[in-house]
Amino acid sequence: QVQLAESGGGLVQAGDSLRLSCAASGRTFSNYGMGWFRQAPGKEREAVAAISRDGLRTYYPDSVKGRFTISRDNAKNTVYLQMNSLKPEDTAVYYCAAVRIVTEYTVPSGGYYYWGQGTQVTVSS
């Protein structure tokens with residue numbers, strides 16, 4: 001089993017930056033592809049970033065491409081989400097998730113099995 005704990009959320013103004021962290025424990029972190037998701041009130045959960053086991057390949061939807069950066073430190077069992085140029089529409093609870101991936105270069109596209117509890121990000125205008 002993998003336990004995930006997000007941190008780094010908060011209240012910021014439009015245009016500011018935040019860095020979220022997700023600390024993993026329980027299993028070999030480097031065996032898992034990782035993703036960040038968000039869910040705003042009344043909206044469906046959406047993926048905002050994903051990263052391969054080796055950290056060399058990433059995915060972003062158009063809504064955050066160029067503003068968000070996912071990275072990981074396998075030595076620290078941690079995945080990060082750097083969020084720049086934040087907009088009020090980025091307001092949501094952000095979750096990290098993990099999925100066991102066989103190949104180290106594959107960016108996960110779904111099937112996440114482990115989830116964190118989430119951290120609130122609020123962007124004021």
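Residues numbered from 1 in each chain as written. Predicted model: local features only at pLDDT ≥ 70, side-chain atom pairs only at ≥ 80, totals over all residues. Heavy atoms only, no water.

### Things to note about the overall build of the protein chain
Keep this limit in mind: Counting from the N terminus, the helices are the DSSP runs of H or I reaching at least four residues and the strands are the DSSP runs of E reaching at least two. For this measure, only C-alpha atoms enter the radius of gyration; the expected value for a globule follows 2.2 Å times N^0.38, where N is the number of residues. Burial classification: accessible surface area is computed with a 1.4 Å probe over protein chains only, and a residue below 20% of its type maximum counts as buried, one above 50% as exposed, and the rest as partly exposed. Contact between two residues is taken to exist if any of their heavy atoms lie within 4.5 Å; hydrogens are not considered.
Within the protein chain one finds zero helices and 11 strands. Helices and strands appear in the protein chain in the N-to-C order β-β-β-β-β-β-β-β-β-β-β. Relative to its length of 125 residues, the protein chain is compact, with a C-alpha radius of gyration of 14 Å against a globular reference of 14 Å. Each principal axis of the C-alpha distribution contributes one length, and for the protein chain these read about 40 × 25 × 25 Å. Split into buried and exposed, the 125 residues of the protein chain put 42% on the buried side. Pairs at least 24 residues apart make up 60% of the contacts formed inside the protein chain by residues separated by at least 6 positions.

### What about the sheet that holds strand E3 (residues 18–25)?
Just so we agree on the cut-off: Here, a strand pair is defined by DSSP locating no fewer than two bridges between the strands. All axes here are fitted lines through C-alpha atoms, helices being fitted over the stretch that makes contact, and every angle between N-to-C directions spans 0 to 180 degrees.
Within the open sheet, the four strands sit side by side as E1-E3-E8-E7. Their pairing is antiparallel. Because the sheet does not close on itself, it has two edges, and the strands there are strand E1 (3–7) and strand E7 (68–73). Here the strands of the sheet are splayed against their neighbours by 15° on average, with no regard to which way each runs.

### Remarks on the pairing of E7
Residues Phe 68, Ile 70 and Arg 72 line the buried face of E7, whereas the alternating positions Thr 69, Ser 71 and Asp 73 sit on a face that is not buried. Inspection of the sheet shows E7 paired to strand E8 (residues 78–83) by six bridges, in the antiparallel sense. Within the sheet, the bridge partner assigned to Arg 72 lies in E8 and is Val 79. Where E7 folds back on E8, the antiparallel hairpin that results is connected by four residues, among which Asn 77 adopts a positive phi of roughly 55°.

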